[in-house]
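Observations on chain architecture
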Amino acid sequence: MEKDGNIMDLLIKNGTVVTASGSFEADVAVKDGKIAAIGKNLSVTADKTVDASGKLVLPGALDVHTHLAMPFGGTVSADSYLSGTRAAACGGVTTVFDYPVQHTGETILGLVNSKKAILEKEACVDYAFHCCITDLNGGEILEEMKTAVDEGITSFKCFLVYKKEKMMVDDGTLVKLLLRAKELGAKINVHAENPDLIDIRTEQFLSEGKTSAWYHYLSRPEFVEAEADKRAVHWAKHLDAPIYIVHMADKEGLEECIKAKTEGHEIYVETCPQYLEFTCDVYKREDGRNFVCSPPMKGQESQDALWTALKAGFIDTVATDHCPFQSYEKDWGKDDFTKIPNGCAGIENLYPYMLDAANSGKISFEKVVEVCSTNPAKIFGCAEKGAIEVGKDADIVIYDKDKDFTISVNNMHSDYDHTIWEGKKLHGYPVQTYLRGSLVYDNGDFVGTPGNGKFVKRLPDKKA
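In this numbering scheme, every chain counts its residues from 1 along its sequence in written order. Local features in a predicted model are, by the rule used here, given only for residues with pLDDT of at least 70; side-chain atom pairs are given and counted only at 80 or more, and totals for whole chains, interfaces and linings are based on all residues. Computation of side-chain values: all heavy atoms of the structure, hydrogens and water removed.

What follows covers the overall build of the protein chain. Within the protein chain, the regular secondary structure consists of 13 helices and 20 strands. For the radius of gyration, the atoms used are the C-alpha atoms, and the globule rule reads 2.2 Å times the number of residues raised to 0.38. Rg of the C-alpha trace for the protein chain: 21 Å, near the compact-globule value of 23 Å for 464 residues, within the 12% margin. Only protein chains enter the area calculation, which uses a 1.4 Å probe; residues under 20% of their type maximum are buried, those over 50% are exposed, and those in between are partly exposed. The 464 residues of the protein chain split such that 62% are buried. Residue-level accessible areas treat just the shown protein chains as cover; the underlying method is Shrake-Rupley with a 1.4 Å probe. Counting only carbon and sulfur atoms, one obtains 48% of the accessible surface of the protein chain, whose full area is about 17,000 Å². Labels follow the DSSP assignment, with helices taken as runs of H or I lasting at least four residues and strands as runs of E lasting at least two, numbered in each case from the N terminus.

It is worth spelling out the pattern of salt bridges at this point. The term salt bridge refers to a side-chain nitrogen of Lys or Arg lying within 4 Å of a carboxyl oxygen of Asp or Glu. Within the structure shown, the criterion is met by 29 salt bridges. Note that Arg 231 is salt-bridged to Asp 171, the shortest N-O span being 2.8 Å. Of this pair, Arg 231 sits in helix H7 (residues 222-239) while Asp 171 is found in helix H4 (residues 171-184), placing the two residues 60 residues apart along the sequence. Between Lys 251 and Glu 255 there is a salt bridge, with the nearest N and O atoms lying 3.9 Å from each other. Here Lys 251 pairs with Glu 255, and both are found in helix H8 (residues 251-262), just four residues apart, close to one helical turn. In this structure Glu 255 comes out as partly exposed when scored by relative accessible area, which is 44%. One salt-bridge network, held together by shared partners, links Lys 34, Asp 126, Glu 384, Lys 385, Asp 393, Asp 395 and Arg 436.

Attention now moves to the environment of Tyr 328. For Tyr 328, the position within the fold is in helix H11 (residues 327-330). With a relative accessible area of 49%, Tyr 328 lands in the partly exposed category. Taking the C-alpha atoms as reference points, Tyr 328 and Asp 47, 281 residues apart in sequence, are found 48 Å from one another.

Definitions used for this entry: grid spacing 1 Å over protein atoms alone; cavity, a set of points where a 1.4 Å probe fits but cannot get out; pocket, an open set with protein on both sides within 12 Å along at least 5 of 7 lines; lining residue, one with an atom within 4 Å of a point. Grid points are joined across faces, edges and corners, and a volume is the space filled by probe spheres set on the points. In this model, the largest pocket occupies a volume close to 530 Å³. What lines the largest pocket is a set of 22 residues, and nearest its centre among them are Tyr 162, Lys 164, Glu 165, Arg 220 and Thr 338. No other element matches the six residues that helix H5 (residues 195-207) contributes to the lining of the largest pocket. Volume-wise, the second largest pocket comes out at about 440 Å³. Taken together, 28 residues form the lining of the second largest pocket, with Thr 374, Ala 377, Lys 378, Ile 379 and Gly 381 sitting closest to its centre.

Our next topic: the packing of aromatic side chains. Any two of the Phe, Tyr and Trp rings considered here, Trp counted by its six-membered ring, make a pair once their centres fall within 6.5 Å; the pair's planes then place it as stacked at under 30 degrees, edge-to-face at over 60, or tilted in between. A full pass over the atoms with the stated rule returns 15 aromatic pairs. Ring centres of Tyr 127 and Phe 129 lie 5.9 Å apart, and the angle between their planes is 70°; this geometry places the pair in the edge-to-face category. Taking the relative accessible area as the measure of exposure, Tyr 127 reaches 3% and is therefore buried. Given the relative accessible area of 1%, Phe 129 is considered buried. On the basis of an interplanar angle of 75° and a centroid distance of 6.4 Å, the ring pair of Tyr 328 and Trp 332 is categorised as edge-to-face. In textbook terms, an aromatic cluster arises when at least three aromatic residues are bridged by ring pairs, as seen for Phe 278, Phe 291, Tyr 353 and Trp 421. Between Lys 284 and the ring centre of Trp 214, over which it is positioned, the NZ or CZ distance is 4.6 Å. A ring is scored as having a charge over it whenever the NZ atom of a lysine or the CZ atom of an arginine sits within 6 Å of its centre and within 35 degrees of its normal.

As summarised here, the arrangement of the six strands in space is S11-S12-S13-S14-S15-S16, forming an open sheet in which the pairing is parallel. The sheet is open, and its two borders are formed by strand S11 (131-132) and strand S16 (317-318), each paired with just one other strand. For two strands to pair, DSSP has to find at least two bridges joining them. Across two bridges, the pairing between strand S15 (residues 267-271) and S16 is parallel. Residue pairing across strands places Thr 271 opposite Val 318, the latter belonging to S16. With respect to the sheet, H4 is in contact with strand S12 (155-159), strand S13 (187-191) and strand S14 (243-245), its orientation differing from that of S13 by roughly 150°. In this analysis, two residues are considered to be in contact whenever any of their non-hydrogen atoms come within 4.5 Å of each other. The axes are straight lines fitted to the C-alpha atoms, using for helices just the contacting stretch, and the angles between their N-to-C directions are given from 0 to 180°. Contacts between H8 and the sheet are confined to S14 and S15, with S15 contributing the most and set at about 145° to the helix.

To estimate the expected span of a helix, count its residues, drop one, and scale the result by 1.5 Å. A rise of 1.5 Å per residue sets the reference length of H8, with its 12 residues, at 16 Å; its end C-alpha atoms lie 16 Å apart and thus fit the reference within 8%. Within the sequence span of H8, burial applies to Gly 253, Leu 254, Cys 257, Ile 258, Ala 260 and Lys 261. Along H8, the residues classed as buried sweep out an arc of 165° about the axis, all on the same side. As for H8, its buried residues are in contact with H7, S14, S15 and helix H10 (300-312). Looking one or two residues beyond H8, the residue adopting positive phi is Gly 264, at roughly 100°. To obtain the arc, one takes the directions from the helix axis to the C-beta atoms.

As paired elements, strand S18 (residues 425-435) and strand S19 (residues 438-442) share four bridges and run antiparallel to each other. From the neighbouring strand, Gln 432 faces S19, where its bridge partner is Asp 442. Once S18 ends, the chain turns through two residues before running back antiparallel as S19, passing Arg 436 with a positive phi of about 45°. Where S19 and strand S20 (residues 445-446) come together, two bridges link them in antiparallel fashion. Note on S20: the bridge partner recorded for Tyr 441 is Phe 446. Count of turn residues in the S19/S20 antiparallel hairpin: two residues, of which Asn 443 carries a positive phi of about 45°.

Next up, the structure:
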């Protein structure tokens with residue numbers, strides 16, 4: 001039989017569909033890029049049928065924190081929009097959020113449209129933007145935020161650090177943006193660390209000849225991040241405004257967020273795979289500079305707290321902060337940690353890493369779908385993403401729980417020449433990725449077409 005007299009484009013049969021709330025055996029039928037039917041033993045005709053027996057059928061992940069083709073630290077991050085989104089597809093990520101950085105004199109839409117022009121030719125998966133605001137341009141940016149929200153850009157970022165790079169905002173600017181975003185049903189994302197403490201500690205270490213990557217961590221340890229987490233949450237609570245804390249890495253700041261959440265405040269918490277896998281001990285390694293990112297990996301106590309909070313539902317999303325640099329660029333800081341470009345790879349490793357944690361019983365597969373797909377879509381207004389559900393985009397990942405995989409720079413699909421994940425063994429791995437019903441990754445190979453990714457126009461919060 002045919003559904004509504006139409007032949008389906010794709011039928012994925014006999015798999016186990018995983019949602020944020022449960023798993024069940026079912027077939028999934030796709031028509032015109034959308035999920036058209038879900039059910040056991042669907043009696044439909046399809047142009048292409050895939051047997052997913054023994055495999056999981058998952059919604060594509062949303063990596064809501066990436067920095068592609070980003071100028072930083074005297075260079076540009078190693079992944080272009082093409083290579084970064086290609087890698088995303090090969091890791092089961094079907095939507096990426098990029099962070100273009102606005103500077104004095106620039107408009108939000110002027111900046112975003114310049115990025116869109118590149119992505120329209122290069123994007124291998126769908127994409128959206130959080131725009132980083134660094135200057136209000138005399139208040140013009142606050143006015144333009146309304147137009148940006150109408151255009152589907154419903155989140156903006158504030159750095160509480162990077163003073164020298166002229167990316168940091170002060171508390172007054174943060175408060176103005178929080179209030180304006182609240183009016184518009186938008187969200188403010190915050191990179192929280194204390195810049196003055198970082199400067200003081202960095203100056204001290206350099207004067208003492210302490211220049212290795214270990215002192216990158218000691219220049220911005222747990223309490224330096226925690227103070228800024230607390231400050232950001234303080235403003236959000238008292239302004240009754242939503243806030244999204246990016247790349248949470250420390251126990252004390254996390255505890256402040258959890259307290260605010262339990263009090264009923266709209267606080268969202270993101271963490272990253274690198275904080276779940278590595279501790280600050282990596283900075284003592286000979287290649288410690290390769291792990292330099294901000295905030296840095298923290299101690300075991302913080303890592304344990306992150307896993308506990310993740311299992312308990314206090315961490316809303318897991319994203320990557322993907323911002324890789326080449327090894328020779330990392331080597332600039334071999335004898336001075338302040339010269340190391342900050343950032344690590346992760347976009348292709350996000351879903352496989354988290355699914356491996358589920359496969360080993362550390363968390364559930366439903367939890368992985370929740371924090372990597374369903375929650376990101378809900379929080380950031382991606383109405384057609386984030387679930388295997390009739391009417392949603394057919395962004396689908398087929399996952400083989402029995403496939404063993406060892407991560408290496410040689411089997412990744414990015415343009416970087418090293419990865420912090422080198423040698424990591426995973427049990428279970430994605431074998432296919434579909435973007436709106438089209439196969440883009442197949443058993444190790446990217447088979448999509450650059451430029452087929454589409455801009456995701458997001459919805460503002462209805463409560464506004």
